Amino acid sequence: MNRTKCAAAVLALTATLSVGGCAYRADLTQGNFVEQQAVSKLQVGMTPEQVRFILGTPMLVDPFDASRWYYVHYLREGWSDPKIENLTLLFANGVLVDMQGDFKRPATFSQNFNQQNAIDDGTVPVKQ
């Protein structure tokens, strides 16, 4: 009888441990999904409206300094470590002046944005 109880206890413990290791964890995505392709369209001199059209609304605008916009993307797939991507944009005098973060700075970023080009090719709306 003792042997039967011991075997049942071992079997119950083994079943509990094996089921506990098979738990499902849903993927978790939060924040702004920003792609390098969209970041490559940014240029110095763009207005906040033009940047918002390209990247969407920022996740956070610094409440003490509205000239800083933060785009943050958090992705955790199952039990893996999370991937976090950050992009910080800095505006001065109503135009984009700098970018920092995990994305490659576009080669054309430092060229001053020409609003007439945006009107001609229709890629970015210009507030008139």
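The structure under discussion appears in the preceding block.
Residues numbered from 1 in each chain as written. Predicted model: local features only at pLDDT ≥ 70, side-chain atom pairs only at ≥ 80, totals over all residues. Heavy atoms only, no water.

### Side note on the side chain of Asp62
As a reminder, the rule being used: Only DSSP runs of H or I reaching four residues or more are called helices, and only runs of E reaching two or more are called strands; each is numbered from the N terminus. Burial status follows relative accessibility: with a 1.4 Å probe on protein chains alone, a residue under 20% of its type maximum counts as buried, one over 50% as exposed, and anything between as partly exposed. Residues scored as charged are limited to Lys and Arg (positive) and Asp and Glu (negative), so that His and the chain ends carry no count. By definition, a salt bridge exists where a carboxyl oxygen of Asp or Glu is found within 4 Å of a side-chain nitrogen of Lys or Arg.
Tracing the backbone through its elements, the reader meets Asp62 in the loop between β2 (60-61) and β3 (68-76). Of the buried charged residues, Asp62 lacks a salt bridge, with Arg68 as the closest side chain of opposite charge at 5.2 Å.

### Let's talk about helix α3 (residues 48-55)
Put simply, the test is: By arc we mean the arc of the directions from the helix axis to the C-beta atoms, nothing more.
For α3, the set of buried residues is Gln50, Val51, Ile54 and Leu55. What you see down the axis of α3 is that its buried residues fit within an arc of 115 degrees, all on one side. One or two residues past the end of α3 sits Gly56, with phi positive at roughly 90 degrees.

### Overview of the pattern of salt bridges
By the definition in use, this model includes three salt bridges. For Glu77, the salt bridge identified is with Lys83, shortest N-O distance 3.9 Å. Taking relative accessible area as the criterion, Glu77 reaches 39% and is therefore assigned partly exposed. In this structure, Asp98 and Arg105 form a salt bridge, with 3.0 Å as the shortest nitrogen-oxygen distance. By relative accessible area, which is 38% here, Arg105 ends up partly exposed.

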